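Commentary on secondary and tertiary structure
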Amino acid sequence: MKMHIDTDVCTGHGVCEGLRPDVFEVGDDGIVHLLTEEFTEADRADLEDAVDQCPTQALRLEG
Amino acid sequence: MARLVVVGASLAGLRAVESARRAGFTGAITLLGAEEHLPYDRPPLSKEFLTGDGTPKQFRTEDALRTDLDVDLRLGTPATGLDPEQRVILAGDDPVPYTAAVLATGATARTLPGLPALSGLHTLRTLDDARALRTAIQPGSRVVIVGAGFIGSELACSARRMGAEVTLVEAAHVPFAAAVGDELAPAIAALHTRHGTDLRCGVTVTGIDGDDRVRAVRLGDGSTLPADVAIVGVGAAPAIDWLRGSGVKLDDGVVCDETLQSSAPGVYAAGDVARWFNPLFGETMRLEHWTSAAEQGGLAARNATDPAQATPCTLVPYFWSDLYDSRVQFVGVPTADEVRVVAGGVGEDTLLALYRRDDRLIGALGVEQRRLVMRLRAQIGKRVSWNDALEAVAG
Ligand SMILES: Cc1cc2nc3c(=O)[nH]c(=O)nc-3n(C[C@H](O)[C@H](O)[C@H](O)COP(=O)(O)OP(=O)(O)OC[C@H]3O[C@@H](n4cnc5c(N)ncnc54)[C@H](O)[C@@H]3O)c2cc1C
Ligand code: SF4
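Residues numbered from 1 in each chain as written. Chains lettered and ligands numbered in written order. Predicted model: local features only at pLDDT ≥ 70, side-chain atom pairs only at ≥ 80, totals over all residues. Heavy atoms only, no water.

**A word on the overall build of chain A**
Counted only if it meets this: Each helix is a run of DSSP H or I of at least 4 residues and each strand a run of E of at least 2, with the numbering of both proceeding from the N terminus. Only the C-alpha atoms count toward the radius of gyration. The rule for a globule is 2.2 Å times the residue count to the power 0.38. We call a residue buried when its accessible area falls under 20% of the maximum for its residue type, exposed when it is over 50%, and partly exposed in between, using a 1.4 Å probe and counting protein chains only. Using a 1.4 Å probe, accessible areas were evaluated by the Shrake-Rupley method; residue-level cover was limited to the displayed protein chains. We treat Lys and Arg as the positive residues and Asp and Glu as the negative residues; His and chain ends play no part in the count. Working definition for charges: the position is that of NZ of Lys, CZ of Arg, CG of Asp or CD of Glu.
The number of helices and strands found in chain A is two helices and four strands. Counting from the amino terminus, helix and strand elements in chain A follow one another as β-α-β-β-α-β. The C-alpha radius of gyration of chain A comes to 10 Å, within 12% of the 11 Å expected for a compact globule of 63 residues. Seen through its principal axes, chain A has C-alpha atoms that stretch 30 × 20 × 15 Å. Going through the 63 residues of chain A one by one, you find that 46% of them count as buried. Counting every atom, chain A has about 3,000 Å² of accessible surface; 47% of that belongs to carbon and sulfur. Positive and negative side-chain charges of chain A, numbering 4 and 16 respectively, have mean locations separated by a distance of 7 Å.

This is the structure we're talking about:
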């Protein structure tokens, strides 16, 4: 499972971070960064929620 | 065979369809949309769609909907009724039977009573509305915007960027009070003043003058504002007329329980049209926010297709608005016992304020505070105490 972030599109709403602060963090640059890339099946539902609820559609989950 | 019928082909409806498939629903899915367009994103319509190159942001291709998600997509096909006894939705010539349904018909722009049909008079809700505005607003146009809520305010910013002369007229003494509370509404209104936008509060509009096209906007004090374009931005009303007489309980929206189920068994609602009981705040609410529509669309479809596992919708409201170069964000609810500014302030570049009810944090407002606001959203969801919230932002 791989999370892609389109950094040109993300405007740092932080909805994803609100859902999983251990995975996403909006940095001082106003753009989100991944704190980990190691995901298990247990993370899938949360990551899908983050993709669905990102207001700029900056996230994409592969695999 | 099981059939999920989703009414409304916009954000909530799309998320409903996607989520049902992802949860493993193998029955048929019909998606009915009144507009001819594929699902597209609305927030840009008052922002970069107007100031940019005018390309709509579409969520999915037709092929992705029909093939990947196996959806029976019927655009340009408004639902006209629902029969909870027969379990059918009326649309076009043939009634569509359902075993589960998600109502996601959103909202329509309100207007003022008794306005004549003139060219140059606009509202903004749909892509077609936004296209008409792009053509109407030209450099040097005199644009009068009636209503300084978030959409009216964003329109004011965009129209100025497009080179128009803008006057923003608001009936209340300060705009945004319903959205962010009385105390800090002036802080948001100050963004207009700081950027030199002509905002006139406490002014009612009594009519629009013109022969075939708009000439002027008439105000309560008897004066008139000359105008080439008049835009009415006085909020939105839930799109429920088609459900009148169906027996589905309505009250400024489709009335739902905490799992988003309406009074009709198997019929759920999501997005701007849904009024539901949010257990997290112990109150009934109807939101007109992007993230709520996305979240509720997914949840309503999962609950509708697997009611035995239905879970409550306990979301923390979130909306944002982009005004000039500032991002305004609000999480939670604004009806508070106390509002405390913890960073920045009215008239400054940034602001962070916390909202307290009893001893709980229930809301937060940020202007250019992207990092903190969403952390507070998570805290509100965990019912964090006021003191812990204050410590967290201080630390
Ligand atoms: C200009 C603008 C700017 C916005 N900016 C922001 C913002 O910055 N931040 C924010 O949080 N929110 C913003 N919003 C609000 C956000 O776009 C909405 O909350 C969101 O679109 C709601 O999605 P929805 O699917 O519930 O309803 P809608 O998007 O309203 O979609 C409902 C769909 O149902 C269709 N429909 C209606 N009746 C029927 C029927 N009888 N049969 C079939 N189809 C029907 C409609 O044609 C429409 O396509 C903005 C809205 C607008 C209009
Ligand atoms: S929700 Fe989307 S826009 Fe917001 S920080 Fe996450 S990726 Fe960026």
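**Considerations on the pattern of salt bridges**
Applicable threshold: By convention in these notes, a salt bridge is any Lys or Arg side-chain nitrogen within 4 Å of a carboxyl oxygen on Asp or Glu.
The full count for this structure, using the stated rule, is 35 salt bridges over all chains. A salt bridge links B:Arg375 to A:Glu17, with the shortest nitrogen-to-oxygen separation between them at 2.4 Å. Taken together, the residues B:Arg375 in helix 9 (residues 370-381) and A:Glu17 in helix 1 (residues 15-19) connect one chain to another. For B:Asp349, the salt bridge identified is with B:Arg194, shortest N-O distance 2.8 Å. Highlighted residues: B:Asp349 in the loop between strand 24 (338-344) and strand 25 (351-357) and B:Arg194 in helix 7 (residues 185-194), separated in sequence by 155 residues. The partly exposed category is assigned to B:Arg194, whose relative accessible area is 42%. Residues joined in a network through salt bridges with shared partners are A:Arg20, A:Asp22, A:Asp43 and A:Asp46.

**Quick look at the domain arrangement of chain B**
All names here are of chain B. We apply this condition: Each domain span listed reflects an automatic or database assignment of domains. Whether two residues are in contact is decided by their heavy atoms, any of which lying within 4.5 Å being enough. When two components associate, each loses some accessible surface as probed by a 1.4 Å sphere; the sum of these losses over both components is called the buried area. Polar contact is the term for a pair of N or O atoms within 3.5 Å; when the atoms are in protein, one must be able to donate a hydrogen and the other to accept it, and sequence-neighboring residues count only if both atoms are side-chain atoms. Any residue that is not Ala, Val, Leu, Ile, Met, Phe, Trp, Tyr, Cys, Pro, Asp, Glu, Lys or Arg is counted as polar, Gly included; the first ten are nonpolar and the last four charged.
Taken as a whole, chain B is organised into domain 1 (3-108 + 237-309), domain 2 (111-234) and domain 3 (325-394). Each of domain 1 and domain 2 has a C-alpha centre, and these two points are 30 Å apart. With 17 residues of domain 1 in contact, the opposing surface of domain 2 contributes 14 residues. Summed over both partners, the interface of domain 1 with domain 2 comes to about 1,400 Å²; 61% of that surface belongs to carbon and sulfur atoms. Summed over the three residues of domain 1 that lose the most area to domain 2, namely His 37, Ser 46 and Leu 50, the buried surface amounts to 36% of that side. Counting every contact that joins domain 1 to domain 2 gives two salt bridges. The shortest N-O distance in the salt bridge between Glu 154 and Lys 47 comes to 3.0 Å. Our count for the domain 1 to domain 2 interface comes out at eleven residue pairs in polar contact (both at pLDDT 80 or more). Looking at the side of domain 1 that touches domain 2 residue by residue, the classes come out as six nonpolar, six polar and five charged.

**Thoughts on the packing of helix 2 (residues 44-53) of chain A against helix 1 (residues 11-22) of chain B**
Note the cut-off: Axes here mean lines fitted to C-alpha atoms, for a helix over just the part in contact, with angles spanning 0 to 180 degrees between N-to-C directions. For classification purposes, an angle smaller than 35 degrees is called roughly parallel, one larger than 145 roughly antiparallel, one from 65 to 115 roughly perpendicular, and anything else oblique. Each crossing gets its handedness from the near helix: less than a right angle anticlockwise from the far helix is left-handed, clockwise is right-handed.
It is at 12 Å that the axes of helix 2 of chain A and helix 1 of chain B come closest, and there the two elements cross at 160 degrees. Our classification of the angle between helix 2 of chain A and helix 1 of chain B gives roughly antiparallel. For the element pair helix 2 of chain A and helix 1 of chain B, the recorded crossing hand is right-handed. Facing A:Glu48, A:Val51 and A:Asp52 of helix 2 of chain A, the residues of helix 1 of chain B in contact are B:Arg15, B:Glu18 and B:Arg22. Its residues placed into classes, the contact of helix 2 of chain A with helix 1 of chain B shows one nonpolar, no polar and five charged.

**Some points on the sheet that holds strand 21 (residues 283-285) of chain B**
All names here are of chain B. Stated precisely, the cut-off is as follows: Pairs of strands are assigned from DSSP output, requiring at least two bridges between the strands.
Spatial ordering of the open sheet is given by 18-20-21, a layout of three strands whose pairing is mixed. Of all the strands in the sheet, just strand 18 (254-256) and strand 21 have a single pairing partner and so form its edges. Taking each pair of neighbouring strands and ignoring which way they run, the sheet shows an average axis angle of 20 degrees. Of the strand pairs in this sheet, strand 20 (residues 274-278) and strand 21 are connected by three bridges, and their pairing is antiparallel.

**With respect to the site of ligand 2**
Selection criterion: Note on definitions. A residue lies near a molecule or strand when any single heavy atom of the residue is within 4 Å of it.
By nearness alone, 14 residues border ligand 2, and A:Cys10, A:His13, A:Gly14, A:Cys16 and A:Cys54 come closest of all. In terms of residue class, the shell around ligand 2 is made up of nine nonpolar, five polar and no charged.

**Some words on the packing of aromatic side chains**
Residues and elements named next belong to chain B. We apply this condition: The pairing test for Phe, Tyr and Trp rings, Trp by its six-membered ring, is centres within 6.5 Å, and the orientation test on the planes gives stacked under 30 degrees, edge-to-face over 60, and tilted for anything in between.
Following the criterion strictly, the structure yields five aromatic pairs over all chains and no others. Measuring from centroid to centroid gives 4.7 Å for Phe 150 and Phe 176, while their planes differ by 40 degrees, and the two rings are tilted. Of this pair, Phe 150 sits in helix 5 (residues 150-161) while Phe 176 sits in the loop between strand 11 (165-170) and helix 6 (177-180); the two residues are 26 residues apart in sequence, bridging distant segments of the chain. Judged by its relative accessible area of 16%, Phe 150 is buried. With centroids separated by 5.9 Å and ring planes inclined at 20 degrees, the aromatic side chains of Phe 319 and Phe 330 adopt a geometry described as stacked. Taken together, the residues span a long stretch of sequence, with Phe 319 in strand 22 (residues 318-323) and Phe 330 in strand 23 (residues 326-332) at a distance of eleven residues. A relative accessible area of 9% places Phe 319 in the buried class. Judged by its relative accessible area of 2%, Phe 330 is buried. Taken together, the ring pairs in this structure connect Phe 150, Phe 176, Phe 319, Phe 330 and Tyr 355 into an aromatic cluster.

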